[in-house]
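As a plain string of letters, each chain reads:
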Amino acid sequence: MSALIEFALWLLRKNNKDAISSKFLTPILDELIAKEKYPEGWAVLGRYLPWIMLINKEWVKKNLDKIFPKKDRARFDAAWLTYINYVPSFDEAFEVLRDQYLYVLSNSLYWKENAKRTYFKLGESLASFYARGKVSLNDKDEILVKLFEEKNSKEGEAMMSLIAADIS
């Protein structure tokens, strides 16, 4: 799966966008999420999400609930944990994933208890978006308010330590 996405990106760089999106990559991704056969495929989706968006943003938007299925915890975690831990904080991806960030902060997820890196990366990601003006203290969707709730204290601490380090 990773190799297919890398090949699609290579085709994109060669200005062959039509072949990538409709004839090549999208049908393979459709088959993956339709069969729900390989949970590790969701980790690949999470890892390459911004690049899949580069190839076909509309496909990602249309299939976001299948990429991050809230009713299938294993697949949600595979996609989300790979995304948050291994993908840089891209503004365009954040705009598409805003509801997923809020969902993770609004729901006490079991991985928080044992995954120091995960809550640090989530706080780091939100610190980046705060610095770029993508979230604010006046945000209507309350991402920062949720971040600083007691149940999310580790993520909030991570964000504050990054901001303090930048100030000093």
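Residues numbered from 1 in each chain as written. Predicted model: local features only at pLDDT ≥ 70, side-chain atom pairs only at ≥ 80, totals over all residues. Heavy atoms only, no water.

Along its length, the chain carries nine helices and zero strands. Each helix and strand of the chain, ordered N terminal to C terminal, gives the series α-α-α-α-α-α-α-α-α. When burial is assessed residue by residue, the chain has 47% of its 168 residues classed as buried. In the chain, the share of contacts with a sequence separation of at least 24, taken over all contacts with a separation of at least 6, comes to 68%. Here the chain displays about 9200 Å² of accessible surface, and carbon together with sulfur accounts for 52% of that area. (Helix = DSSP H or I, 4+ residues; strand = E, 2+ residues; numbered from the N terminus. Buried < 20%, exposed > 50% of the residue type's maximum accessible area, 1.4 Å probe, protein only. Contact = heavy atoms within 4.5 Å. Areas by Shrake-Rupley, 256 points an atom, 1.4 Å probe, with all protein chains shown as cover.)

Before going further, it helps to spend a moment on the nonpolar core. Grouped burial of nonpolar side chains is what soluble globular proteins tend to show. The biggest cluster of nonpolar side chains holds 46 residues, and the ones touching the most others in it are V60, F68, W80, Y83, Y101 and L126. Contributions of two or more residues to this core are made by α1 (2–13), α2 (17–35), α3 (39–62), α4 (64–67), α5 (73–86), α6 (91–106), α7 (116–131) and α8 (143–147). The biggest single contributor to this core is α3, with ten residues. Excluding residues that lie within four positions of it along the chain, Y83 makes contacts with G46, L49, P50, A93, L97 and Y101. (Core = buried A, V, L, I, M, F, W, Y, C linked by side-chain atoms within 4.5 Å.)

As a further point, take the packing of α5 against α6. As a packed pair, α5 and α6 sit with axes 12 Å apart at the nearest point and diverge in direction by 120°. Here α6 runs oblique to α5, going by the angle between their axes. As for the relative orientation of α5 and α6, their crossing is left-handed in sense. Contact residues: F76, W80, Y83 and I84 in α5; A93, L97, Q100, Y101, Y103 and V104 in α6. Among the residues forming the contact of α5 with α6, the class breakdown is nine nonpolar, one polar and no charged. (Axes fitted to C-alpha atoms, helices over the stretch in contact; angles between N-to-C directions. Parallel < 35°, antiparallel > 145°, perpendicular 65-115°, else oblique. Left-handed = near helix turned anticlockwise from the far one by under 90°. Nonpolar A, V, L, I, M, F, W, Y, C, P; charged D, E, K, R; others polar.)

Another aspect to go through is the pattern of salt bridges. All chains considered together, the criterion is met by seven salt bridges. As a salt-bridge pair, K35 and E31 come within 3.2 Å of each other at their nearest N and O atoms. Note that K35 and E31 are positioned in helix α2 at a spacing of four residues, about one turn of the helix. Of the residues examined, K35 reaches a relative accessible area of 53% and is grouped as exposed. (Salt bridge = Lys/Arg side-chain N within 4 Å of Asp/Glu carboxyl O.)

Taken over all residues, the pLDDT of the chain has a mean of 81, while the share at 70 or more is 77%. Element-level mean pLDDT values for the chain span from 61 in helix α9 (residues 153–167) up to 95 in α4. (pLDDT = per-residue confidence, 0-100.)

Moving on, we get to the packing of α1 against α3. Running from N to C, α1 and α3 point in directions that differ by 20°, and their axes come no closer than 10 Å. Classed by the angle they form, the pair α1 and α3 counts as roughly parallel. The hand of the α1/α3 crossing is left-handed. On α3, the residues touching S2, I5, E6, A8, L9 and L12 of α1 are V44, Y48, W51, I52, L54 and I55.

Another point: the packing of aromatic side chains. Counted according to the given criterion, the structure contains 13 aromatic pairs. Ring geometry for F94 against F129: centres 4.2 Å apart, planes inclined by 25°, an arrangement best described as stacked. Highlighted residues: F94 in helix α6 and F129 in helix α7, separated in sequence by 35 residues. Overall, F94 belongs to the buried group, its relative accessible area being 0%. (Phe/Tyr/Trp six-rings, centres within 6.5 Å; stacked < 30°, edge-to-face > 60°.)

Moving on: α5. The end-to-end C-alpha separation of α5 is 19 Å, in line with the 20 Å expected for 14 residues at 1.5 Å each. Of all the 14 residues making up α5, ten are buried; the element is thus mostly covered by neighbouring parts of the structure. Taken together, the buried positions of α5 are occupied by R75, F76, D77, A78, A79, W80, T82, Y83, I84 and N85. (Expected span 1.5 Å × (residues − 1).)

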